[in-house]
Each structure stands twice: as C-alpha cells, then as structure tokens.
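Spelled out from the first residue to the last, the chains are:
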Amino acid sequence: MNETSSRTLLSRAVANLKGLWFGIAGAAYDAQAASLRPDLPAADLERVRRQMRECLESRGGEVSARGRAAALGRAYLALDAVGRRRFLKLLAEDFDPDPQKVDAAIAAFRSAAGPGPRRKAEADLRQALEAPRVRLLTQFNALPEGVKFLVDMRAEILGLLAQEPSLAGLERDLKDLLARWFDVGFLEMRRIAWDTATATLLEKLIAYEAVHAIGGWDDLKNRLDSDRRCFAFFHPRMPNEPLIFVEVALTDGMADNVGALLDESAPLQDSTDAD
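Quantities reported herein were computed from a predicted structural model and do not represent experimental measurements.

Our next topic: the packing of aromatic side chains. By the definition in use, this model includes four aromatic pairs. On the numbers, 4.8 Å between centres and 35° between planes, the contact of Phe140 with Phe149 is tilted. For the pair formed by Phe140 and Phe149, the shared burial category is buried. In this structure an aromatic cluster arises from ring pairing among Tyr76, Phe87, Phe140 and Phe149. Here the guanidinium or amino end of Arg118 rests over the ring plane of Phe109, the centre of that ring lying 4.3 Å away.

We now examine a negative patch on the surface. A cluster of acidic residues, Asp252, Asp270, Asp273 and Asp275, forms a negative patch at the surface. Note on placement: Asp275 falls in the segment after helix H13 (258–262). For Asp275, a relative accessible area of 70% gives the class exposed.

A separate point is the sheet that holds strand E2 (residues 228–234). Strand order in the open sheet formed by three strands is E1-E2-E3, with antiparallel pairing between adjacent strands. Two strands lie at the open edges of the sheet, namely strand E1 (188–191) and strand E3 (244–249), each paired on one side alone. When strand polarity is set aside, the average angle formed by the axes of neighbouring strands in this sheet is 20°. Pairing geometry for E1 and E2, over four bridges, is antiparallel. From the neighbouring strand, Arg190 faces E2, where its bridge partner is Ala232.

This paragraph deals with the nonpolar core. What tends to happen in soluble globular proteins is that the nonpolar side chains get buried as a cluster. Judged by nonpolar contacts, the single largest core of 41 residues is most densely connected at Met52, Phe87, Leu88 and Met153. Those elements giving two or more residues to this core turn out to be helix H3 (42–57), helix H4 (61–77), helix H5 (81–94), helix H8 (132–138), helix H9 (146–160) and helix H10 (168–181). In this structure, Met153 is in contact with Tyr76, Phe87, Leu88, Leu137 and Leu174, ignoring residues within four places of it in sequence. Ala197, Leu224, Ala232 and Phe234 belong to the second largest nonpolar core, which has twelve residues in total.

To continue, consider the pattern of salt bridges. What the rule picks out here adds up to 19 salt bridges. With its nearest N and O atoms 2.4 Å apart, the salt bridge here joins Glu46 to Arg49. With Glu46 and Arg49 both in helix H3 and three residues apart, the pair spans about one turn of that helix. The residue Glu188 makes a salt bridge to Arg190 at a minimum N-O spacing of 3.6 Å.

It is worth spelling out the packing of H3 against H5 at this point. At a minimum axis separation of 11 Å, H3 and H5 run at an interaxial angle of 50°. When the interaxial angle is binned, H3 and H5 end up oblique. H5 is crossed by H3, and the crossing has right-handed handedness. Contacts between H3 and H5 pair Leu45, Val48, Arg49 and Met52 from the former with Arg86, Phe87, Leu90, Leu91 and Asp94 from the latter. Across the contact of H3 with H5, the residue classes tally to six nonpolar, no polar and three charged.

Right, let's get into the confidence of the model for the protein chain. In this model, the protein chain carries an average pLDDT of 86, and 87% of its residues clear a pLDDT of 70 or more. Taking the mean pLDDT of every element in the protein chain, the minimum, 54, falls on helix H1 (residues 3–21) and the maximum, 96, on H5.

It is worth spelling out the environment of Glu54 at this point. Looking at the element boundaries, Glu54 is found in helix H3. Through-space distance from the C-alpha of Glu54 to that of Arg68 is 7.6 Å; in sequence the pair is 14 residues apart.

This part covers helix H7 (residues 115–129). Between its first and last C-alpha atoms H7 spans 21 Å; for 15 residues at 1.5 Å apiece the expected length is 21 Å, and the two agree. Restricting attention to buried positions, one finds in H7 the residues Ala121, Leu125 and Ala128. Projected onto a plane normal to the axis of H7, the buried residues spread over an arc of 60° and lie on a single side. For H7, the exposed residues set more than 90 degrees away from the buried face come down to Pro115, Arg119, Lys120, Arg126 and Gln127.

Rules and cut-offs
Residues numbered from 1 in each chain as written. Predicted model: local features only at pLDDT ≥ 70, side-chain atom pairs only at ≥ 80, totals over all residues. Heavy atoms only, no water. Phe/Tyr/Trp six-rings, centres within 6.5 Å; stacked < 30°, edge-to-face > 60°. Buried < 20%, exposed > 50% of the residue type's maximum accessible area, 1.4 Å probe, protein only. Lys NZ or Arg CZ within 6 Å of the ring centre and 35° of its normal. Patch = residues over 30% accessible without salt bridge, like charges linked within 9 Å, V, L, I, M, F, W, Y side chains within 5 Å. Areas by Shrake-Rupley, 256 points an atom, 1.4 Å probe, with all protein chains shown as cover. Salt bridge = Lys/Arg side-chain N within 4 Å of Asp/Glu carboxyl O. Lys, Arg positive; Asp, Glu negative; His and termini not counted. Charge placed at Lys NZ, Arg CZ, Asp CG, Glu CD. Helix = DSSP H or I, 4+ residues; strand = E, 2+ residues; numbered from the N terminus. Pairing = 2+ DSSP bridges. Axes fitted to C-alpha atoms, helices over the stretch in contact; angles between N-to-C directions. Core = buried A, V, L, I, M, F, W, Y, C linked by side-chain atoms within 4.5 Å. Contact = heavy atoms within 4.5 Å. Parallel < 35°, antiparallel > 145°, perpendicular 65-115°, else oblique. Left-handed = near helix turned anticlockwise from the far one by under 90°. Nonpolar A, V, L, I, M, F, W, Y, C, P; charged D, E, K, R; others polar. pLDDT = per-residue confidence, 0-100. Expected span 1.5 Å × (residues − 1). Arc of directions from axis to C-beta.

Spelled out as structure tokens, the structure:
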C-alpha cells in the first residue's frame, strides 16, 4: 500500500478511537483534552503531567479511572508529531521508578533475615522497581480498542528511540505488558475470505503484507479466491486486527514459482485436485 493510503488508514483509526472514547471521560476531562495545543508547549505539558498524576491516584473508583485514561488517550491522539514526542518523553522521564525507593528496597532486601522477611522484602523490591507509568498504561486495557492504542504508541516510540534514548524504559514497559496480553493462549485463528471479511479488514491485509506486496483490490481478490486460503490470528481485544496471517495457494504438486502463484491472469485451479 502506498504512503498516502497508509496515512488514510491511520487517520481513520485515530478518528475511530477518538469517537469511541468521547464521553467516557466526562465533559470536564473531554474539554480539557480538547483545549491542549497540538505541539504541547510547556504550559500544556504541565497540565498533562497533572492529568497523568490524577490517573495514578485512582480517586473515584474504576469508572473514574477509565474516564481519566480515556481523556488522556484522546489528548495524545489530538497532538501532532512534536506534541506526541513531548508527551512520551514526559511519561518516560517523570514516571520512572523512584531511585530512593529502589535503594531503600534493595537495602531492606539485603538485610532481611529468614524466609518470611526475605519474601516480603523481595515483593517490596519488585514493587519499587515497577515504574508508576505501568499502572497508568494498564488502565488503557479496559478501554475499547485500548490495546490497539498501546500497540500504536509503542510503534511510534520505536521510531523515536534513535533520537530519544530516554524512551527506552517506556518502550520496555510497553513491550512487557503487550507480551503478557498477547500470549498465544489468548489468540484465536480465523479464516479470512473475500465474501465474509469486512472492507476494513481486507484493507489491512493490503497494508500489512510485507513479503509479497498486494497491488490493490483485484490482486487481493485473486489471493482470496476459491483455490486460496488465508488464515489469521486475532486477539479478543483487537478483533479487527490480523496480528499474524498466512496466505495459502492450493495446488496440484509442490509450487516452484511464486510469480506464477501471484499472477492475476492465471486460470483458477480446481481445489479438489489440490494435494
């Protein structure tokens, strides 16, 4: 897929998330998110810092926590590239583990005597080493398409790491969270067919194919014809995102020419003859 089409797909995804999360936060938080300037200058950055701290305070119970996380996510999605970079640096640098708490926990662990105190000291050390931002990021898991939001956030961070090494800790935290949530036991395999899949899902197949580029809708239809099969793994929290997919051509004999398999003008094979 060309760059313009990819941007269009991303823009629609962002607009979809904004719509899904609108109203979850409540009018006050939605207004606050909408008032931030796209490049997130210093004054707005301080407001976002306070908002992040409020998310971590968990006042008002689970519903309020979801609302604050939704508002924070909508604020992030409304920023431009400069603003998102500043947002991510704030999350990475200001919400790291507290060095003093880590040092104290290490000292307590070293001085603990006996199995009981040592187990408690170990648990305290583990808690001290967990960055506060992890609790904030976890709140997105409860939001519609929240897991997809975090996947896209990590993709943006990976593109910035060379220029912003301070984002490395945040990237590791996101990687660890996603690795836990995307255990193979949570995934489900589904067949993707031309006549049953949504247009959005088919569009993503075109965009995500990285081995043999799909030239457009006619090319995709050829790859999903009756002598072909396409299977994909999906996560329950990302039902419209093919995480891993494979295209299969049903042939008589072992195929030895990829070009022939991808030829849109080639005659349709009878799948009952395939071996």
